[in-house]
Amino acid sequence: MQELSQSPTEPAFVQNPYPFYDRARAAGPLFRWSEYDMACATSHAAVSAILRDRRMGREVPLERAPEIPQHLAAFYACEAHSMLELEPPAHTRLRGLVLRAFTSRRVNALAPEIEALCHRLIDGFPQGPFDLLDAYARQVPVIVIARLMGLPESRADDLLAWSNAMVGMYQAKRTRAMEDAAEMATQAFCDFLAVYIAEKRRNPADDLISELIAAEQEGEKLSTEELVSTCILLLNAGHEATVHSLGNAVRTLLMHGHREIDAACVEELVRLDPPLHMFTRWVYEDLEIFGQRFSRGDRIACLLGAANRDPEVYPDPHRFDPARRGPAHLGFGAGIHFCVGAPLARLEMQCALSLLMRQCPDLALAEAPRYSDLYHFHGLERLMVRAF
Ligand code: HEM
């Protein structure tokens, strides 16, 4: 396996990681990334195979479980019940219960509300340059997920702040201050949700939390800790990735002068510039894959951003082609952890982008957008535009 060095915080890489991915993919389906001291998969075939291979998974093998520092007790207690950090059978049970509540009927019924929300936000756009991330991309996902779950829209700012602080734990340049902020946010988030869950146990309503409370599989229900963790996971995953998918998508659309949004265009936007670039898998048994041997306890990273631009699968992969056909991209993952929220994210993107382009025919960039130095997230610092 070839070893390659690339700082994930180097400014040129942050702005455009794709040339490095091309170089890495040319080294074979797997390379060793020195800065992470980890094997990484880059081709569409390798990433797809690893994400689907049950000999690997997201749950930390027992012997590799880190000592949990006291100052992060609440954060890790919350993660311990997150389906994203579990494997079968615990994952199957939690995911099954969530899918029972998170139905396509419930998601599709949101379309008129999402449209009304987008209209309201667009009506509030100022004259002159403004940050579309703050005014639009950050608002839509958090308000939609809060409404879907039956939480008050008026607490959207708190949800955003808690989520941002918790997501800091996954960044390449995490500091002790970020850990403290994540821990405090977890405690505040859990306390906030415990109150709503208790209230919805007493007075169920037509919302996702009430359905999660009622969801039952083979006589089993979600415990309160599982309910809290699941709500936090849905709230965090439910807007962070969508915010940046929207931001990256608007950047691509404006740079290419493309204004027609359909389902194929949304897929192409996520393929071309997904907001989450790296997910890792633990190896559970000694194995050989793509000609490389791994032992139990090793980790392999899957570079979704690289797989999505694999020329073996997507001709002219760096080109934005809104009519592109071809195999599914890996921006929403694959296998048993495939994004639970993909139908909602697709609906939000389709509604929010179509309305934006229709209502603001003169929408234009007011400055060159720059990506934030937050690898493995790939999202913009801000997106200054003019709407009128
Ligand atoms: C465009 C926006 C989104 C993107 C690009 C995205 C991407 C992903 C990816 C790549 C994974 C798989 C991670 C892995 O395999 O390790 C994932 C999992 C997940 N996503 Fe999303 N996501 C988005 C929006 C959402 C939304 C809106 C929700 C919920 C409301 C959501 C909830 C989840 C959950 C719960 C999981 C874990 C599933 C499991 O472990 O079985 N995501 N997402």
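For the structure, see preceding data.
What counts as what
- Residues numbered from 1 in each chain as written.
- Predicted model: local features only at pLDDT ≥ 70, side-chain atom pairs only at ≥ 80, totals over all residues.
- Heavy atoms only, no water.
- Pairing = 2+ DSSP bridges.
- Helix = DSSP H or I, 4+ residues; strand = E, 2+ residues; numbered from the N terminus.
- Contact = heavy atoms within 4.5 Å.
- Axes fitted to C-alpha atoms, helices over the stretch in contact; angles between N-to-C directions.
- Core = buried A, V, L, I, M, F, W, Y, C linked by side-chain atoms within 4.5 Å.
- Buried < 20%, exposed > 50% of the residue type's maximum accessible area, 1.4 Å probe, protein only.

Draft legend 1. Molecular detail of the sheet that holds strand β1 (residues 2-4). Strand order in the open sheet formed by six strands is β1-β2-β3-β9-β6-β4, with mixed pairing between adjacent strands. Each edge of the sheet is formed by a strand with only one pairing partner; in this case those strands are β1 and β4 (56-57). Bridge count for strand β3 (residues 38-41) against strand β9 (residues 299-303) is three bridges, and the pairing is parallel. Directly across from alanine 41, in β9, lies its bridge partner cysteine 302. Contacts from helix α3 (residues 44-52) reach β2 (30-33), β3, β4, β6 (278-283) and β9, with the element oriented near 130° to β9.

Draft legend 2. Fine view of the sheet that holds strand β13 (residues 384-386). Spatial strand order, β5-β13-β10: three strands in an open sheet with antiparallel pairing. Single-partner strands in this sheet number two, and they are β5 (130-131) and β10 (364-365). Bridge analysis of β10 against β13 gives two bridges, and the strand direction is antiparallel. Bridging from a neighbouring strand, alanine 364 pairs with arginine 386 of β13.

Draft legend 3. Just the nonpolar core, in detail. Residues Tyr136 and Leu193 are the most contacted members of the largest nonpolar core, which totals 93 residues. Broken down by element, the residue count for this core peaks at 13 residues, all from helix α13 (residues 224-256). Excluding residues that lie within four positions of it along the chain, tyrosine 136 makes contacts with Cys118, Leu121, Ile122, Phe125, Ala352, Leu355 and Leu356. Formed by 18 residues, the second largest nonpolar core is a distinct cluster that contains Met56, Ile289, Ala307 and Leu330.

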